[in-house]
Amino acid sequence: MTDTKQNGSYERYFAGPDQDMGNELGPLGHLLGKWEAKGTGWNMIALPFKDAPDPTVVPYRILMNQYDETLSFAFVDNNVANRGIEVDQHVATLDYQQQIHQTAAADFPVSTVAGGPGLAIHHEPGLWIWVKDHATDGIDVARLASIPHGNSVLALGESSVHEAMPAIPPINSLPFGRFEDVSTPGYDFNFDPYLASYKHLIDNPFMGNESGAGEFPGFSPVDMTEILRFANDSLPILSTTRLTVDSKREDAGVRNMPFTAREAEPVSMASTFWIQQVADKRRKNGYRLRLQYAQIVMLNFFRPRQDQMPGRAQWPHISIATLDKVEGPGY
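In this text, all values refer to a predicted model and were calculated from it rather than measured experimentally. (Residues numbered from 1 in each chain as written. Predicted model: local features only at pLDDT ≥ 70, side-chain atom pairs only at ≥ 80, totals over all residues. Heavy atoms only, no water.)

Some words on the overall build of the chain
Formally: Under the DSSP-based scheme used, a helix requires at least four consecutive residues in state H or I and a strand at least two consecutive residues in state E, with every element numbered from the N terminus. Residue burial is assigned from relative accessible area. The probe radius is 1.4 Å, only protein chains are included, and a residue is buried under 20% of its type maximum, exposed over 50%, and partly exposed in between. Two residues form a contact once any of their heavy atoms are found within 4.5 Å.
Per the secondary structure count, the chain includes four helices and 12 strands. Evaluated residue by residue, the chain yields a buried proportion of 48% over its 331 residues. Sequence separation of at least 24 residues holds for 67% of the intrachain contacts in the chain that already meet a minimum separation of 6.

Side note on unusual backbone geometry
In this structure, proline 109 follows phenylalanine 108 across a cis peptide bond, with omega equal to -10°. Note on placement: proline 109 falls in the loop between β4 (89-108) and β5 (120-131). Even without being glycine, aspartate 251 reaches a positive phi, approximately 75°. Take aspartate 251: it is sitting in the loop between β8 (237-246) and β9 (253-256). Overall, aspartate 251 belongs to the exposed group, its relative accessible area being 68%.

Topic: the pattern of salt bridges
Test applied: Any Lys or Arg side-chain nitrogen located within 4 Å of an Asp or Glu carboxyl oxygen qualifies as a salt bridge.
Per the counting criterion, the structure on display carries 14 salt bridges. Measuring nitrogen to oxygen at the nearest pair gives 2.8 Å for the salt bridge that ties arginine 61 to aspartate 107. In this pair, arginine 61 is assigned in strand β3 (residues 60-82) and aspartate 107 in strand β4, connecting sequence segments 46 residues apart. By relative accessible area, which is 9% here, arginine 61 ends up buried. What makes aspartate 107 buried here is its relative accessible area of 9%. The residue aspartate 88 makes a salt bridge to arginine 83 at a minimum N-O spacing of 2.7 Å. Its relative accessible area of 27% is what places aspartate 88 among the partly exposed residues.

Examining the confidence of the model for the chain
The predicted coordinates ought not to be read in detail in places where the model reports low pLDDT. We count it as follows: For every residue, the predictor reports its confidence as pLDDT, a number between 0 and 100.
For the chain, per-residue confidence averages 88 on the pLDDT scale, and 84% of positions sit at 70 or higher. Below a pLDDT of 50 lies the segment residues 1-9, which in the model reaches 22 contacts outside its immediate sequence neighbourhood of four places, other chains included. Under a pLDDT of 50 for its full length, residues 11-17 has, in the predicted model, 23 contacts with residues more than four places off or in other chains.

Notes on the packing of aromatic side chains
Selection criterion: Centre distance within 6.5 Å is the pairing criterion for rings of Phe, Tyr and Trp, where only the six-membered ring of Trp is used; planes under 30 degrees apart are then read as stacked, over 60 as edge-to-face, and the remainder as tilted. Whether a charge sits over a ring comes down to the Lys NZ or Arg CZ being within 6 Å of the ring centre and within 35 degrees of the ring normal.
With the rule as written, the count across this model stands at 10 aromatic pairs. Both rings, one in tyrosine 60 and one in tyrosine 198, keep their centres 6.0 Å apart while their planes meet at 40°; by these two values the pair is tilted. Taken together, the residues tyrosine 60 in strand β3 and tyrosine 198 in helix α2 (residues 196-203) connect sequence positions 138 residues apart. The buried category is assigned to tyrosine 60, whose relative accessible area is 0%. Judged by its relative accessible area of 0%, tyrosine 198 falls in the buried class. Put simply, the rings of Trp42, Phe206, Phe216, Phe219 and Phe230 pair up and form one aromatic cluster. The ring of phenylalanine 49 carries the charged tip of arginine 61 above its face, separated from the ring centre by 5.9 Å. Above the face of the tyrosine 331 ring, arginine 283 is positioned so that its terminal group lies 5.2 Å from the ring centre.

Examining the side chain of serine 159
Test applied: Residues adjacent in sequence count toward polar contacts only when both atoms are side-chain atoms; beyond that, a polar contact is any pair of N or O atoms within 3.5 Å, and within protein one must be able to donate a hydrogen and the other to accept it.
Secondary-structure assignment places serine 159 in strand β7 (residues 151-163). Side-chain polar atoms of serine 159 contact the side chain of aspartate 140, separated by 2.6 Å.

Focus: the nonpolar core
As a reminder of what qualifies: We define the nonpolar core as a collection of buried residues of types Ala, Val, Leu, Ile, Met, Phe, Trp, Tyr and Cys that are connected through side-chain atoms lying within 4.5 Å of one another.
If you look at the biggest cluster of nonpolar residues, it comprises 65 residues, and the most contacted ones within it are Tyr60, Phe73, Trp128 and Phe219. Excluding residues that lie within four positions of it along the chain, tryptophan 128 makes contacts with Leu28, Phe73, Ala92, Thr93, Leu94, Tyr96, Val141, Ala142, Arg143, Leu243, Val245 and Phe273. Core analysis: the next-biggest nonpolar cluster, separate from the first, contains six residues, Ile129, Val131, Ala142 and Leu156 among them.

A short note on α2
To keep things clear, this is the line we draw: Here the arc refers to the directions that run from the helix axis out to each C-beta atom.
Buried within α2 we find Ser197, Tyr198 and Leu201. Mapping the buried residues of α2 onto a view down its axis gives an arc of 95°, with all of them on the same face. Lining the buried residues of α2 we find β2 (33-48), β3, β4 and β12 (314-327).

A look at the environment of glycine 138
Within the element layout of this structure, glycine 138 appears in the loop between β5 and β6 (141-147). Taking the relative accessible area as the measure of exposure, glycine 138 reaches 46% and is therefore partly exposed. The residues contacting glycine 138, other than those within four sequence positions of it, are Gly157 and Glu158.

Quick notes on the pairing of β5
Worth spelling out the cut-off: Pairing between strands is defined by DSSP: at least two bridges between the two strands are required.
Where β4 lies against β5, 11 bridges are found, and the strand directions are antiparallel. Looking at the pairing, glutamine 98 lines up with glutamate 124 of β5.

Topic: the environment of isoleucine 147
Mapped onto the secondary structure, isoleucine 147 falls in strand β6. Measuring from C-alpha to C-alpha, the distance between isoleucine 147 and histidine 122 comes to 8.0 Å, with 25 residues separating the pair along the chain. When sequence neighbours within four positions are dropped, the list of residues in contact with isoleucine 147 reads His122, His123, Glu124 and Val153.

Next up, the structure:
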């Protein structure tokens, strides 16, 4: 069952003293506070590899990370006025800070720069916005992000509330520009050495520090959200607020400093947050809060494309994580 909420109708998804957040912050209300992932974050990125053993065949490497994450949200305002000629629009805004440190890393081909445990690999300040009235084209949420590589992002999208947990679709991280679809009958990695790094990781999924974790599926390029679904198996999720944003929406976008635009240009970002209420009889409100996300950043590098199409090849950079709320309303 899907129930898209508007204005103050989120309040029934909040319990006790937290109920007012449903009116004041809508789908963002449960985000307030601090969230942590302890080894439950996973990242994959393809990068140009100037020191590749054979740059004529494999001029890139794939870096896999397992990571810890702290994601904090702070109240900014629940009634920011965007002035208009005939009407004013009002939005609610949260500030966020994301800090990520890797717990394990591996790359292929192997380099000397993957780094060890504890290495800081990401820092991101930003804002989440909920549009309280006069939404345009169904857009009721926005995410603004700044990344210290010299990138800024505006992504726009929608919120919705679901009973239990909606399905998490698989994400394939194979690049665009070398081939149409590796699932095409007859396609054989063995005749495409350009994709040897992906074949290696498909045959040997990245396990991070989970090598002894029973049926743990590992982090594989052909289904990069499988770990999220694995973590949800048999979990009593009561309801889920989903936030989905994409920088490819009209009036959204990504801006980059000249070097990154020239060498490995981030051209889009799409992400989905699933804010979950998980049944927990130990809590006064009857549930605990949990957050999962999946994010795809498209990087453009290498020209000309191997498939002779215009532009540069596109390489998905995938991040997924499962976090628990450790401070703030609803904890």
